[in-house]
Every structure is written in structure tokens, then in C-alpha cells.
Amino acid sequence: MRIGDLAAKTGVSVRSLRYYEQQGLLAAERSASGQRHYPEGAVGRVRLIQQLYAAGLSSKTIAELIPCVVDGRATPELLTRLAAQRDHIDRQIADLTDTRDRLDSVITGAGTTMLTGRSCRAEDVPHTAVQAPG
């Protein structure tokens, strides 16, 4: 299939497909006129590349990982890097969960002030003086 067809089937830009080829992630045969022609299996490979990019992997790591995915070849170094990337993603998930929880708290507080009519701004809340006992 031609590059435009692959782009349409995968939702990836032609420019990205050329980049994938430049990085060694995707291979195309060339016609006599120089046009790229991809096998049908390129659709699945492009989707895999997109998933790996979305997971935060670099093109270099993806290039090393592709043989492992395609034919089961992996090195201990690659597995170590992938485990480190997974740990990084786990930390990002934890950070995002904390951020969501804080936002939920703000939403709850703002909703409460909307119902009670009290201000949620600290400078608008009257401070009561605390008197020392006797």
C-alpha cells in the first residue's frame, strides 16, 4: 500500500510515517519511481509504534523493542530499560491520581460554598479572635 493509504488506515500523518522509516521503525519498499510501498502488516506495526510512543518510550527504545515484539528477541538491558519506563509511568499515574484527588477536594469545597453562600476565598472569611483563658 502507498504511504497515503497507510496514513489513512492508521490515522498517522504521512510526515510521521516518513519519520518512523528514518528512525528504522518502519520499512518500505520503493517502486522504480521512488514511491514507498508498505505491506499490509505495516498497519499493525504503526499502531504498535503509536502505543509505545504514547507509553513514553523514545524512538531509540522502540527500535530496540520492535524485534522483541515481532520475533521474541530481547536483551537484559532492554528489559531493564522497559521496567524503568514502567516504573516512571507508575509514578506519573500516582502523581495524576494525587492531582485528581486534590481537584475533587476543591470541587467539593466550591460546591459546598455555593450551597451555603459562604466565600471560599481565605481573605473573605472572617477570622475570630482566640482569647486566652482567664
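Per chain, residues are indexed from 1 in the order of the written sequence. Where local features are concerned, this predicted model is filtered to residues with pLDDT of at least 70; where side-chain atom pairs are given and counted, the filter is 80 or more; whole-chain, interface and lining totals use all residues. Think of the side-chain values as coming from all heavy atoms in the structure, minus any hydrogens and water.

For the rest of this paragraph, the subject is the overall build of the protein. Along the protein, the regular secondary structure elements total 5 helices and 2 strands. Helix numbering and strand numbering both begin at the N terminus, where a helix is a DSSP run of H or I of at least 4 residues and a strand a DSSP run of E of at least 2. Counting from the amino terminus, helix and strand elements in the protein follow one another as α-α-β-β-α-α-α. Only protein chains enter the area calculation, which uses a 1.4 Å probe; residues under 20% of their type maximum are buried, those over 50% are exposed, and those in between are partly exposed. By the burial criterion, 21% of the 134 residues in the protein qualify as buried. Should any heavy atoms of two residues lie within 4.5 Å, those residues are considered in contact. Pairs at least 24 apart in sequence give 43% of the contacts found in the protein among residues at least 6 apart. For the protein, the accessible area works out to roughly 9,700 Å², and carbon and sulfur atoms hold 56% of it. Only the protein chains shown count as cover for residues, with accessible areas throughout obtained via the Shrake-Rupley method and a probe of 1.4 Å.

Right, let's talk about the packing of helix α2 (residues 14-22) against helix α3 (residues 42-54) for a bit. The relative placement of two packed helices is expressed as an angle between their axes plus a distance between the axes. Running from amino to carboxyl end, α2 crosses α3 at an angle of 85°, the nearest separation of the two axes being 12 Å. On the basis of their axis angle, the class for α2 and α3 is roughly perpendicular. Along the contact surface, α2 presents Leu17, Tyr19 and Tyr20, while α3 presents Val46, Ile49, Gln50 and Tyr53. Following the grouping adopted for this structure description, the nonpolar residues are Ala, Val, Leu, Ile, Met, Phe, Trp, Tyr, Cys and Pro, the charged ones are Asp, Glu, Lys and Arg, and the polar ones are all others, Gly among them. Here the contact of α2 with α3 is built from residues that sort into 6 nonpolar, 1 polar and no charged. Axis geometry follows a simple rule: fit a line to the C-alpha atoms, using only the stretch in contact for helices, then measure angles between N-to-C directions, giving values from 0 to 180 degrees. Should an angle fall under 35 degrees it is taken as roughly parallel, and over 145 as roughly antiparallel, whereas 65 to 115 is taken as roughly perpendicular and any remaining angle as oblique.

So, on to helix α4 (residues 59-71). If you check α4, its first and last C-alpha atoms are 19 Å apart, about what 13 residues at 1.5 Å a residue would give, namely 18 Å. At leucine 65, α4 shows its strongest bend, of approximately 30°, with the proline proline 67 following within four residues. Among the residues of α4, those classed as buried are Ser59, Thr61, Ile62, Leu65 and Ile66. The elements touched by buried residues of α4 are α2, α3 and α5 (76-116). Remark: glycine 72 follows α4 within two positions and exhibits a positive phi of approximately 80°. To estimate the expected span of a helix, subtract one from its residue number and multiply by 1.5 Å. The reported bend at a residue is simply the angle between two axes, fitted to the 7 residues ending at it and to the 7 residues beginning with it.

Interhelical geometry of helix α1 (residues 3-10) versus α3 gives an angle of 55° and a closest axis separation of 10 Å. The angle between the axes of α1 and α3 places the two elements in the oblique class. Where α1 crosses over α3, the two elements pack in a sense that is right-handed. Across the interface between the two elements, Leu6, Lys9 and Thr10 of α1 pack against Ala42, Val43, Val46 and Arg47 of α3. Taken together, the residues of the contact of α1 with α3 sort by class into 4 nonpolar, 1 polar and 2 charged. Each crossing is labelled by how the near helix is turned from the far one, with a counterclockwise turn of less than a right angle marking it left-handed and a clockwise turn marking it right-handed.

The next subject is the side chain of arginine 36. As for its placement among the helices and strands, arginine 36 is situated in strand β2 (residues 36-37). Arginine 36 gets classed as buried once you look at its relative accessible area, which sits at 19%. In terms of polar contacts, arginine 36 uses its side chain to reach the side chain of glutamate 21, at 2.6 Å. Excluding its chain neighbours within four sequence positions, the residues that come into contact with arginine 36 are Met1, Arg2, Ile3, Arg18, Glu21, Ala28, Glu29 and Arg30. Here a polar contact is recorded for every N or O atom pair within 3.5 Å, except that within protein the pair must consist of a potential hydrogen donor and a potential acceptor, and residues adjacent in sequence are included only if both atoms are side-chain atoms.

Moving on: α2. Taken residue by residue, α2 has Leu17, Tyr20 and Glu21 as its buried positions. Around the axis of α2, the buried residues are gathered within 100° of arc, so they sit on the same side. Along α2, exposed side chains directed more than 90 degrees from the buried face belong to Arg15 and Gln22. Packing partners of the buried residues in α2 comprise α1, β1 (29-30), β2 and α3. Backbone geometry just after α2 places glycine 24 at a positive phi near 80°. In this description, the arc belongs to the directions extending from the helix axis to the C-beta atoms.

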